[in-house]
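In case you want the letters, here they are:
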Amino acid sequence: MNKLAVTIAAVTLAFSLAGAANAKQCRDDHGRFMKCPEASGTPHCSKGKPCGHTCISMHDICHR
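Each chain carries its own residue numbering, running from 1 in the direction its sequence is written. Where totals are concerned, whole chains, interfaces and linings use all residues; where local detail is concerned, this predicted model gives features only for residues with pLDDT of at least 70, and gives and counts side-chain atom pairs only at 80 or more. Side-chain figures throughout are based on the complete set of non-hydrogen atoms in the structure, without hydrogens or water.

1. A closer look at the overall build of the protein chain
Here is step 1 of the chain: In DSSP terms, a helix is any run of H or I states spanning at least four residues, a strand is any run of E spanning at least two, and both are numbered starting from the N terminus. When you go through the protein chain residue by residue, the secondary structure sums to one helix and two strands.
Here is step 2 of the chain: Considering only intrachain contacts with a sequence separation of at least 6, the fraction spanning at least 24 residues in the protein chain is 0%.
Here is step 3 of the chain: Throughout, the Shrake-Rupley method with a 1.4 Å probe supplies accessible areas, and for residues the shown protein chains are the sole cover considered. Total accessible area on the protein chain stands at roughly 5,900 Å², and carbon and sulfur atoms take up 61% of it. In what follows, a contact means two residues having at least one pair of non-hydrogen atoms within 4.5 Å.

2. Observations regarding the state of the cysteines
Here is step 1 of the chain: Criterion for a disulfide: a pair of cysteine sulfur atoms at a distance within 2.5 Å. Applying the stated criterion across every chain yields a total of two disulfides.
Here is step 2 of the chain: Paired through a disulfide, Cys51 and Cys62 show a sulfur-sulfur distance of 2.0 Å. In this structure the cystine formed by Cys51 and Cys62 twists about its S-S bond by roughly 80°; its chirality is therefore right-handed. Of the two residues, Cys51 is situated in strand β1 (residues 49–51) and Cys62 in the segment after β2 (54–56); the sequence distance between them amounts to 11 residues.
Here is step 3 of the chain: The class for Cys62 is partly exposed, based on a relative accessible area of 31%. For every residue, the accessible area (1.4 Å probe, protein chains only) is compared with the maximum for its type, and the residue is labelled buried under 20%, exposed over 50%, or partly exposed between those bounds.

3. Things to note about the confidence of the model for the protein chain
Here is step 1 of the chain: Per-residue confidence for the protein chain gives a mean pLDDT of 74; residues scoring 70 or more make up 62%.
Here is step 2 of the chain: Known as pLDDT, the predictor's confidence for each residue is given on a scale from 0 to 100. Across residues 17–23, confidence stays below pLDDT 50; counting only partners more than four residues off in sequence or on other chains, it has one contact.

4. Some remarks on the environment of Met58
Here is step 1 of the chain: Mapped onto the elements of the fold, Met58 is located in the segment after β2.
Here is step 2 of the chain: Note on Met58: relative accessible area 53%, which makes it exposed.
Here is step 3 of the chain: Sequence-wise, Met58 and Gly48 are 10 residues apart; in three dimensions their C-alpha atoms are separated by 4.7 Å.
Here is step 4 of the chain: In this structure Met58 touches Gly48 and Lys49, once residues within four positions along its chain are discounted.

5. Looking at the environment of Cys26
Here is step 1 of the chain: In this fold, Cys26 is placed in the loop between α1 (2–25) and β1.
Here is step 2 of the chain: Judged by relative accessible area, Cys26 falls into the buried class, the value being 9%.
Here is step 3 of the chain: Sequence spacing of Cys26 and Cys36 is 10 residues, and the spatial spacing of their C-alpha atoms is 5.0 Å.

Right, here's the structure in full:
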């Protein structure tokens, strides 16, 4: 049980650090939060096809 708690804590810390890195990019010069710029371009899909900012199945229709 102790190993499980340590693993969950490590995963939680990793996700919180990743979120903090994204939040740091969405700050102005004074450190205040601002609206993040939208991602440009379409994603590279290894399977499927791009639809907006996501990938969908080759059999689906993109309703964008």
